[in-house]
Amino acid sequence: MMQTPQMQQQQQQGGMYPNNGMMTTTQPQQQDMNPGQMNGVQHPGSNFPVMVDPQQQQLQQVNPPPGTVPLSLLLEFAIHRTYTDLTVMENLLPGKSDMDKKILLVKFANQTRQLYVRILALVKWAASVGKVVKCSEMIEFLDDQSMKFVDTADKLHRMANQLGVQARLPNFAVPAAVDVLTTGTYPRLPTCIRDRIIPPEPITATEKKAAIKRIEQMVLYRLAIEKIPPQIADLTVKNGVVHLHVPGEFDAALTLMGDTDDIPWRLLKLKLLVEDFQVGTGRSLVHTVQVDYLHQLAQSRLFGNVQPIDDLYNLLHSFCLSLQLEVLATQADRLIRLRYGKFLHIDDYQQGNKMLLSYWNLSPYKNGNIKHVVIVKIPTTDVSKPLQVEHKPPLPLMDLHLVKAANHIKHLSIERLLHNTVAVRSYHLLNEMKIMLLKYLKAESSHFVKFETSQSYVLVIPLVESKTDNEDLRIYIDPQSGSYMPTMPGINKSLLDKMEKDINKSETALLSWWKVLQKEAVEVRCRRTLQHLPIAFINQIHLFNDQDAQFLGSIKNKCLYLKMVNYPSYFLVLELIRDDASPIRITFKYHLLRTSRSNPADTSTTTVQHNDSASSDGRFNLIGGLFAVSMSQLLPTLTSHHDRSFNLYKKISDSEQNEHGTLAHYQAEQGNDAHVYDVMSELRSIVILTNYRLPFANLLERLRENGFEKCGLREENYLLKCWVDTLPEVEQVSAQVYTIIRSMIQECTFRQGNRKSKQWNVELRFDKPNFEVENDPCRDFVSCNFQYECHILREEGDNSTNRPECVKLFTADWTAIVRLFTPVYMFSKQLEMDSVAAISKKISIMTYDFKSITIKYGPTLTYFVTIYWSSDKGFVLSFGRCGGIHTAGINPHWVTKLYVTEAFNEHKDLLKLMYLLNDTLHPLLSLARLPDASLLGVSTKTYLAENIFTVIPLTATRYRINFYSIFCLDVYCRIDGTVAIRDASFSQFEYSKARAHTVPIPALGNFLMLFCDKNKDLRHRPEQLCDDPPSPAFGGTAQAQGSYGLYDLQQQQQPWAGSAFTLLQHQSFDQICAPLPSHNTQIRKSAIVYKPSLLEKFLSAALTHRHLTKCMKQQADTVVELPMTVFNDTEQLQPLFGSGFTTRHPASPQFLCHLGRRNIRSLLLKVYPPTGDTQTWSADEFNVLERYFQVRIFIPPYRFNTMKAFMTMLAAPPNLLKDFIQMMRYELAYPPQSRQPNPSPKWFMSLSLTVHPRAGFAPPGMSSIIVKEEKVLVFIQLTQNQQATPQQTTTTYPISIDVPLLLTPQLNSIDLLQPATNNASNNSSQIVYHRAISQLIQQIRQLHGPLPSDAAFSTVTRYLMENLVVN
């Protein structure tokens, strides 16, 4: 039952009387009455009570009102009908065609849709007729009430008039009452109740067994007396039931219902065995309704039939044959639609009679084919037989097994029947082709094989002799069209398509195609055999030579063309030779063809593959024994054009062999056992050997073209090597030297490297030279090896010049050997002379392999030079070092390598070279010790970096030494073990002139005389000459800049001492260039860390003295120069050079800066008191100044601005000078490196003579001491004492602070320079430190007031050192 949402809503709102989900089918009656006034019965919506009987309401729910049906029942009927239709379609559709399936599915969908649409419309209508339903319910209710009133009145009238008059009391049931009261039961019920309700007791097992045995006896009896068809092969009796089984048709179970003779057979079960696994997927082909009908029909025919079992068989057998024929027709239709298409056709189909199926009707190659038909029919004469198969035309009796399989349809598969039929006819057609081949090819060895899947025959036609059948031609018959289908692996499909067309038109066309395919099969086998070798198969070769082109044309149809990939100008032509006794036995005749490219501009040439055109340079037959070769050689010979040969493979002891090559000769010896010989192995060997020996052929040709006349090939350990007997002469080499080196050659051979390297390995063996060599391998020869690339020209061609050939490279190397041998041979002769005994102790030949020579030299034979010849550079020299702790890290001659190489290429004398290298070794080692670091701020240009020493070689024996680009020395190496040194600032031709941008070195001659040998070269004694040349900056005479970059010096009668050469022994020269032992007198680390030499100390003193004199010149208004005679102890000091000066301030001390002869390592400053004043200055103050000059001024890098700051302090008034001296005392007393225990100041102090880069408000490197009348600026540097302030130490390195102090002399007050606290570019930490320092300076001003005039800076500095605290 179902109620719509509208009906449920009406029930909730108005208490509508439920209709139990019933839908009325009667039309509602129209009545004009008030539902609320119907005899006290309240209608839904009225206020009157409703009188409803519960029993009546329950009856209405169980039994619907008349004329209505429950909605649930209606839906159940609809669903059941739909399910039944789907079940029927499921069983029937698999046997239908696709079109029938679609039609049935559409009809079913349309009918089902209409049914449910009607139900939906009915439901919607029932939900929308609320008022009609109400009226209908009212009418029904009133009718019911009226009927009850009438019935009540009638019953009351009858009781009053009829029943009441005749009413009497019945007799009491005393016996029943007694039974109930005494026994508690009522045994007087009728026995019919027991008979109908209680079932009878079953029979026993014994009775059941006896009954079944009796039934089996009756069944056997009836079977014995009745006729049984012979087709029922299986008949069994079990449990009183006989089972009749006919394979492929049906299975029936019969029994008897009694033991009399006239009782008919009862058919218990019937099962049809006709199945189609291709169409019905193994399920039954007959619907259960049809089986039930057939069961009833068979059962009806069993009654009153004389031969019931025979009649039953005929009935079921006839039905099964019709069903089988229907199944075969369905299979044929499906086969046509899915696979065969127009190649298969159902000519006629008579349901329950026969089916005609035609095949091979359409062929793309033949017209008017014979029609082939297979007929499947039901026998008409003997209906008990199975389906019969008939063929038109009849099948040929070639294979009885196939014919038998094609003449029955027991398997019930039309596709299998067609396959068997096609197999018979295909075998017949292929056998006719085999007979035709045997007729024309006497030694034909074709055979048949079968497809494993379809059992169809395939004709296999061998084309070449092989142990496998992968290269055979296979021909089979197309099962759809009946055409010949050739197949062959590795053959082009277009070629097979053309062959297929020809052999289907005429079978004899196979004879012409046989030769074509045989060539293709040979090519396929050759490709497979040579697939890993550098060989390319091409279709044809176009040549310009008429004779060679005519030869190739004559063998065009029986030859293969192979292109040598690594050698594009060579082609290998394989001529196929067929054996007359066996057509499939093939041998090769080999032809090697060498070609050359034609001119691309010649339009008359024939274009070949890859747009190349070639002309033949010769055709060569490859002849010789390939399988027993013990020695091979390559001998190019020229004969007539037709017999021109290039015998790559020829045995030395064999005569000319058969023209057809090695295979024919081998077969002649082996007889008929040709299968033992593998032609492909021969071909592979031919190709491998050709690829291996062609490089040697090209090599020999190139060798002869480049002048190597006597050359050839030999075999060594089964490998070839090319020997060269005569090497060409070399230009600019004497005949005597060439004859000598030629006589020393033992052998010259070319060998090929491995396959991966692809290189020529060339070995030249020479006799051992007649001089001793250290690294002697203890052999009687010297081997000289070369490696050259073996070009594989894949694109450029054989005549390419893109890359150098190995012969040209070898010619260049041979030239280098001969060129090097010339000076080596002369050197060997020179070593035999007695005059070179001294130099021979300093030289030793380390190695000589004719490509290069390596010679050791030097007193300890530590250094060596290697010499070899280069075609573009001449002789090339490279220097090296053998080792030793007393020598420099590298060979010092690398500096003069260019000049030494140039000199050797001029004289080409190894002995001269050894003299040169030994004479210049020690001076160059000494020069190598000079530091070459680059420093900033040495000159007035603080941004310019200058090297300390710069050694510039001018020739192999002359070197120029620059010191800070200011002083310059010339050093000449002499053959007598000395060096000549002079001041290079002087002109070499006129001593009165000096070079521009150079400064003469004062006292150079006297300095060098300290180390020279007094007995050597007394022509120029520097002490007899003037050794104090004027400085170009402020000389005594005006200078005139002249031509050639020279300027005039002060004229004098004799040359300056520095302009003359001073001779020094190598030991003395090494003494002034060697680093001195370190004496750490500095109070803090220098800018550079190294050990200076005496020469550097002297030149540094001269440079510092020059800075001093320049500062004196700049401060001429304050500084007064004093002559050396003013000082009383000059004779005791013995100064080489110096300057004295004082200031214009009263009580100013006198200063003497000089370099003494007794201590040439240091420039000294000596301070003297003022004349007649011994009270103003103390000796301690002078000692502080002198010591401060040594440890802070005369130290590397000897900056000018450092000297300028120091001179500014010396030129200050005496009170300021005393203050500066006190600050110097602080710096000297507490150096940053000291580790003195407390009490020590918290900060170390030092004067910053130049501006540190941290001070962003001033250029770095400039002088930091400025003294003016109004202001005095001093920079100091405070360095944290980490031992005294451990609580303030937060970093690994101590804190350094640059403090610019500004003094106002009028007020004697010191302030921190204002930019130091306001500079934005400075780092934040420095700004914080400066603010703390500024606060301390204010505290000093508050505590002390005006500072003392002679201790202002020192007081503030001391206070900062003791009280500055930073966080």
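Structure first, text after, so check above.
All of these numbers come straight from a predicted model, not from anything done at the bench.

1. Some points on the sheet that holds strand β25 (residues 759-767)
If you trace the 5 strands from one edge of the open sheet to the other, you get β22-β23-β24-β25-β26, paired in antiparallel fashion. Two strands in the sheet have a free side with no partner beyond their single neighbour: β22 (711-716) and β26 (781-789). Adjacent strand axes in the sheet meet at a mean angle of 25° when their direction is disregarded. The strands touched by helix α19 (residues 806-831) within the sheet are β24 (745-752), β25 and β26, with β26 carrying the most contacts at an inclination of about 145°.

2. Here we look at the sheet that holds strand β43 (residues 1164-1168)
What the 4 strands build is an open sheet, ordered β40-β41-β42-β43; its pairing is antiparallel. Since the sheet does not close on itself, it has two edges, and those belong to β40 (1119-1122) and β43, each with one partner. Strand-to-strand twist of the sheet, defined as the mean angle between neighbouring strand axes without regard to direction, takes the value 25°. Inspection of the sheet shows strand β42 (residues 1150-1156) paired to β43 by 5 bridges, in the antiparallel sense. In the strand pairing of β43, Cys1153 is matched with Leu1165. Sheet contacts for helix α25 (residues 1094-1114): β40, β41 (1135-1143) and β42; angle to β41, the most-contacted strand, approximately 25°. Together, β42 and β43 form the strand contacts of helix α27 (residues 1179-1193), whose direction differs from that of β43 by roughly 165°.

3. Comments concerning a nonpolar patch on the surface
On the surface, Val180, Tyr186, Leu189, Ile193, Ile197 and Ile198 cluster together to form a nonpolar patch covering roughly 600 Å² of accessible area. Looking at where Ile198 falls in the secondary structure, it is placed in the loop between α7 (191-197) and α8 (205-225).

4. Description of the packing of aromatic side chains
Overall, the coordinates contain 32 aromatic pairs when judged by the stated rule. Centre to centre, the rings of Phe786 and Phe810 are 6.5 Å apart; their planes meet at 75°, and the pair counts as edge-to-face. In this pair, Phe786 is assigned in strand β26 and Phe810 in helix α19, connecting sequence segments 24 residues apart. Overall, the relative accessible area of 9% leaves Phe786 in the buried class. On the basis of relative accessibility, which here comes to 0%, the residue Phe810 falls in the buried class. Among the aromatic residues, ring-to-ring pairing joins Tyr692, Phe696, Phe708, Phe750, Trp760, Phe786, Tyr788 and Phe810 into one connected group. The residue whose ring lies beneath Arg765 is Phe781, and the NZ or CZ to ring-centre distance is 4.4 Å. We note Lys1218 situated over the ring of Trp1177; from NZ or CZ to the ring centre the distance is 4.3 Å.

5. Focus: the side chain of Asp472
Structurally, Asp472 can be placed in the loop between β12 (457-461) and β13 (473-477). Among buried Asp, Glu, Lys and Arg side chains, Asp472 stands out as unpaired, with Arg474 the closest opposite charge at 6.0 Å. Other than its neighbours up to four places away in sequence, Asp472 contacts Val460, Ile461, Pro462, Leu463, Thr487, Met488 and Pro489.

6. Side note on unusual backbone geometry
With an omega of -10°, the peptide bond running from Lys392 to Pro393 counts as cis. Within the element layout of this structure, Pro393 appears in the loop between β10 (388-392) and α11 (400-405). In the segment running from Pro1196 into Pro1197, the intervening peptide bond is cis, with an omega of 10°. Mapping Pro1197 onto the fold places it in the loop between α27 and α28 (1200-1210). Even without being a glycine, Lys908 presents a positive backbone phi close to 55°. For Lys908, the location among the structural elements is in the loop between α21 (897-907) and α22 (910-928). With a relative accessible area of 37%, Lys908 lands in the partly exposed category.

7. Digging into the nonpolar core
In this structure, Ile1072, Phe1220, Leu1247, Leu1278 and Phe1353 are the most contacted members of the largest nonpolar core, which totals 113 residues. If you tally residues by element for this core, the top one is α25, at 10 residues. When neighbours within four sequence positions are excluded, Leu1278 is seen to be in contact with Trp1243, Phe1244, Met1245, Ile1295, Ser1296, Ile1297, Val1299, Ile1333, Leu1360, Met1361 and Leu1364. Counting 110 residues, the second largest nonpolar core, distinct from the first, contains Val286, Ile414, Leu473 and Leu576.

8. Details of the pairing of β10
Of the two faces of β10, the one holding Val389 and His391 is buried and the one holding Gln388, Glu390 and Lys392 is not buried anywhere. In this structure, strand β9 (residues 372-377) lies alongside β10, joined through 5 bridges in antiparallel fashion. Each residue of the ladder has a partner; that of Val376, found in β10, is Val389.

9. Things to note about helix α3 (residues 71-92)
With 22 residues, α3 ought to run about 32 Å at 1.5 Å a step, and its terminal C-alpha atoms sit 32 Å apart, in line with that. Among the residues of α3, Leu71, Ala78, Thr82 and Met89 are the ones counted as buried. Each buried residue of α3 sits inside an arc of 35° when the element is viewed along its axis, so together they form one side. In α3, the exposed positions angled more than 90 degrees off the buried face are occupied by Glu76, Phe77, His80 and Tyr83.

10. What about the pairing of β24?
As paired elements, strand β23 (residues 719-724) and β24 share 2 bridges and run antiparallel to each other. Directly across from Cys722, in β24, lies its bridge partner Phe750.

Cut-off values and rules
- Residues numbered from 1 in each chain as written.
- Predicted model: local features only at pLDDT ≥ 70, side-chain atom pairs only at ≥ 80, totals over all residues.
- Heavy atoms only, no water.
- Pairing = 2+ DSSP bridges.
- Helix = DSSP H or I, 4+ residues; strand = E, 2+ residues; numbered from the N terminus.
- Axes fitted to C-alpha atoms, helices over the stretch in contact; angles between N-to-C directions.
- Contact = heavy atoms within 4.5 Å.
- Patch = residues over 30% accessible without salt bridge, like charges linked within 9 Å, V, L, I, M, F, W, Y side chains within 5 Å.
- Areas by Shrake-Rupley, 256 points an atom, 1.4 Å probe, with all protein chains shown as cover.
- Salt bridge = Lys/Arg side-chain N within 4 Å of Asp/Glu carboxyl O.
- Phe/Tyr/Trp six-rings, centres within 6.5 Å; stacked < 30°, edge-to-face > 60°.
- Buried < 20%, exposed > 50% of the residue type's maximum accessible area, 1.4 Å probe, protein only.
- Lys NZ or Arg CZ within 6 Å of the ring centre and 35° of its normal.
- Lys, Arg positive; Asp, Glu negative; His and termini not counted.
- Core = buried A, V, L, I, M, F, W, Y, C linked by side-chain atoms within 4.5 Å.
- Expected span 1.5 Å × (residues − 1).
- Arc of directions from axis to C-beta.

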